[in-house]
Amino acid sequence: MLIKNGGVVIEGGHGNPCTVQTAKGISVLYKGRYLYSKYAPEKAVRSALSAQSVPHGTLVLACSPVLCLCLAELCASLPENCFVLGCEFDAALYDFSIKHIPLGLARFAMLSPDELPNLPFMLTKRRAETKSGTLLPPAGTFRRVLRIDFSAGTQFFPQHYAALTEAAENAVARFWKNRVTLIKFGRRFSRNLFRNIARLPRSVPIERLIQSVEKPIIVFGAGESMEKIARSIRNVQNAFYIVAADAALAPLFRLGIEPDAVVCEEAQSVIAPFFLGANGKRFRVFAGITSWPKLFDLCGADICYFSPYYDDTVFFDSLAAKNIIPPVMPPLGSVGLTATKIALMLRKTDRVPVFVTGLDFSYRAGTTHARGAEAHTSSLASSFKTAPAANYDAAFASFMQKIIGKDGTLFFTSPALFSYAQTFRAYFSESPNLFDAGTTGIDLGIPKKDADELIRESGNTAGTETHGNRKSTDEKPSSRGGQTLAAKANATLGSARKTAEKKIGSEKEKTFAEEAAFDETKARDILNFYEEEERALARLKNILSSGQNMSEAERSAEIEKLLASREYLYLHFPDGLTSSLTVSFLKRVRAEIDFFIKDIAVGKSILGKN
């Protein structure tokens, strides 16, 4: 029992919540606190509900429902495309709430404490299911999030509920921002994918490079902070494995740094200027499977593809399940974040440190990128007396926000850039041995290390060459005995060298044979995919054009079946969240089919050249 204000308060056994009868209903006592009024338990809940209007397309977060008072009334009064999620962070209160959920409650699901951290991801899936087996509405159903506290149980974890609400709001907002991106670039993503998969047999599988780097890794973005670090490591760059975002390539060349890897995701030809000056340089390109197809021609066979998860579709999942496409990467939004993710995949173990710089996600007035970046070079090239190179318009647009950077000075950021910083913190803050070496921009939520510490991390390898000159063994000895010993030593060394060369040669032959077998199998799988899609598109085209003497019901069923796993035909439509059988929708689908039949033909011709 607990003594509170001189009186005795009885609590349930083992500290569990227990019901308490009051004059106007039942309240709950837990941890020495009444979770509802001692006088009128329902009154506060009913008042909270009456004060809120629930518009169409709202996800209601019913926080700490406990007795689930008025929950049935709320669910019954919901407008179209609304849903209620019960949220409880306290395990004891969750178990208590489960027993008090009204039977047969429609448009409601209860999330356990273990499920709540996954809520933002569940809201972006076309099919998400709770542990209890309740299916949540697909992504795109909700346009807003509304939090309603059903009891004082939220006071036990106030920060958790606030963070959950913010994360859910961000997930819904991010979905619709991505939706706008898909409307603009969705067709381009899909067409690039159809063309790039034909190049997979001639690329380097990214699986072979995972956990292969033992050096400290530096990830360079194109923000202002990258310049200081690049200058600091210029003379010891061989001690690091350097990964650059595509826009950071030119600034690194300008500062005398040659990266080991460049990460690209851009789907359009605007990426071409980023590679000016790259002729004669040796680096590996990690490219998204939806990136600009001409990247392969720029980089040759030294390219690794990965698959950005640009939309949650049956088509994309089927490609991944059949191993047609490379490993799938989470949708991080920014190439800098993707470069960080790849760097973490490449390091041998978690003990290998990874440093990031140039991921500022903000900038000073007049300077949006590091000097030498394509944006900076273009502004210099187009500047004249009345239009200077400094881009002040970017800092003082109406939607820009002011922030205080890591160095205590004023910076400007946009909602998009700020969301990338939030995503970085959410995704990478728990990654071991990941450090922020940048000195300006938004705080990334990871430990910081300056340039001197970064160089010390490189250890004794700093400044050394990986292929140093070996001492010559052809020096003349000073005596006959020496000649004999030298001859014996050379003979022994030569024998050992021949054995080693034979071993290396056999390993190379084995590796070459394995690679050839892999390439042949991959090419065959891709060709089968092309032919299967070509047949399906030709059938859909014929049905939409002539109907093939089918009844209306048969035609509709066949069209639905063919469209169900081919979202690439319509995901870029403004109304393309789901397929439709309306005449206007099907006419637009019919127009798209010819584009993809052509892309399949191009892909097959590329495979033939392989």
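Residues numbered from 1 in each chain as written. Predicted model: local features only at pLDDT ≥ 70, side-chain atom pairs only at ≥ 80, totals over all residues. Heavy atoms only, no water.

Caption draft 1: Layout of the nonpolar core. Within the largest apolar cluster, 80 residues are counted, with the highest numbers of intra-cluster contacts made by Ile197, Phe220, Ile233, Phe275, Tyr530 and Leu569. At eight residues, the largest contribution of residues to this core is made by helix 16 (residues 583–609). Counting 35 residues, the second largest nonpolar core, distinct from the first, contains Ile217, Val263, Leu337 and Ile446. (Core = buried A, V, L, I, M, F, W, Y, C linked by side-chain atoms within 4.5 Å. Buried < 20%, exposed > 50% of the residue type's maximum accessible area, 1.4 Å probe, protein only. Helix = DSSP H or I, 4+ residues; strand = E, 2+ residues; numbered from the N terminus.)

Caption draft 2: Looking closely at the environment of Val219. Following the sequence through the fold, Val219 ends up in strand 12 (residues 217–220). A sequence separation of 23 residues divides Val219 from Ile242, and the C-alpha atoms of the two residues are 6.2 Å apart. Excluding residues that lie within four positions of it along the chain, Val219 makes contacts with Val243, Gly336, Ala339, Thr340, Ala343, Val354, Phe355, Val356 and Thr357. (Contact = heavy atoms within 4.5 Å.)

Caption draft 3: Focus on the pattern of salt bridges. One pass over the full model with this rule turns up 27 salt bridges. The partner of Asp90 in a salt bridge is Lys31, with the nearest N and O atoms 3.7 Å apart. Here the residue Asp90 occupies a position in the loop between strand 7 (83–87) and helix 3 (91–98), and Lys31 occupies one in the loop between strand 4 (25–30) and strand 5 (33–34), the gap between them amounting to 59 residues. Its relative accessible area of 46% is what places Lys31 among the partly exposed residues. Through salt bridges with shared partners, one network takes in Glu42, Arg46 and Glu73. (Salt bridge = Lys/Arg side-chain N within 4 Å of Asp/Glu carboxyl O.)

Caption draft 4: Examining the sheet that holds strand 5 more closely. Pairing in this open sheet of three strands is antiparallel, and the strands run 3-4-5 from one edge to the other. Since the sheet does not close on itself, it has two edges, and those belong to strand 3 (18–22) and strand 5, each with one partner. Strand direction decides the pairing type here: strand 4 and strand 5, joined by two bridges, are antiparallel. Its bridge partner lying in strand 5, Leu29 is registered against Tyr34. (Pairing = 2+ DSSP bridges.)

Caption draft 5: Representation of the sheet that holds strand 6 (residues 58–63) within the structure. Spatially, 8-7-6-11 is the arrangement adopted by the four strands of the open sheet, whose pairing is parallel. The sheet terminates laterally at strand 8 (108–111) and strand 11 (144–149), the two strands that pair on one side only. This sheet shows a mean twist of 25 degrees between the axes of neighbouring strands, independent of strand direction. Pairing between strand 7 and strand 8: four bridges, direction parallel. (Axes fitted to C-alpha atoms, helices over the stretch in contact; angles between N-to-C directions.)

Caption draft 6: Highlighting the packing of aromatic side chains. The final tally for this structure, using the stated rule, is 24 aromatic pairs. Ring plane angle 85 degrees and centroid distance 5.2 Å describe the contact between Tyr309 and Phe316, whose orientation is recorded as edge-to-face. Taken individually, Tyr309 and Phe316 each receive the classification buried, so the pair is uniform in this respect. Where Tyr427 meets Phe428, the ring centres are 5.0 Å apart and the plane angle is 70 degrees; that geometry is what we call edge-to-face. (Phe/Tyr/Trp six-rings, centres within 6.5 Å; stacked < 30°, edge-to-face > 60°.)

Caption draft 7: Region of interest: the pairing of strand 13 (residues 241–245). Burial within strand 13 is extensive, with five of its five residues counted as buried. Burial along strand 13 is two-sided: the face carrying Tyr241, Val243 and Ala245 and the face carrying Ile242 and Ala244 are both buried. Judged from the four bridges that link them, strand 12 and strand 13 form a sheet pairing that is parallel. Bridge pairing in strand 13 links Phe220 to Ala244.

Caption draft 8: Examining unusual backbone geometry more closely. For Gln211, which is not a glycine, the phi torsion comes out positive at approximately 55 degrees. Structurally, Gln211 can be placed in the loop between helix 5 (158–196) and strand 12. Look at Asn433: it is not a glycine, yet its phi comes out positive at around 55 degrees. Mapped onto the secondary structure, Asn433 falls in the loop between helix 12 (415–428) and strand 21 (434–436). Residue classification places Asn433 among the partly exposed residues on the basis of a relative accessible area of 31%.

These results come straight from atomic positions and should not be treated as a statement about function.
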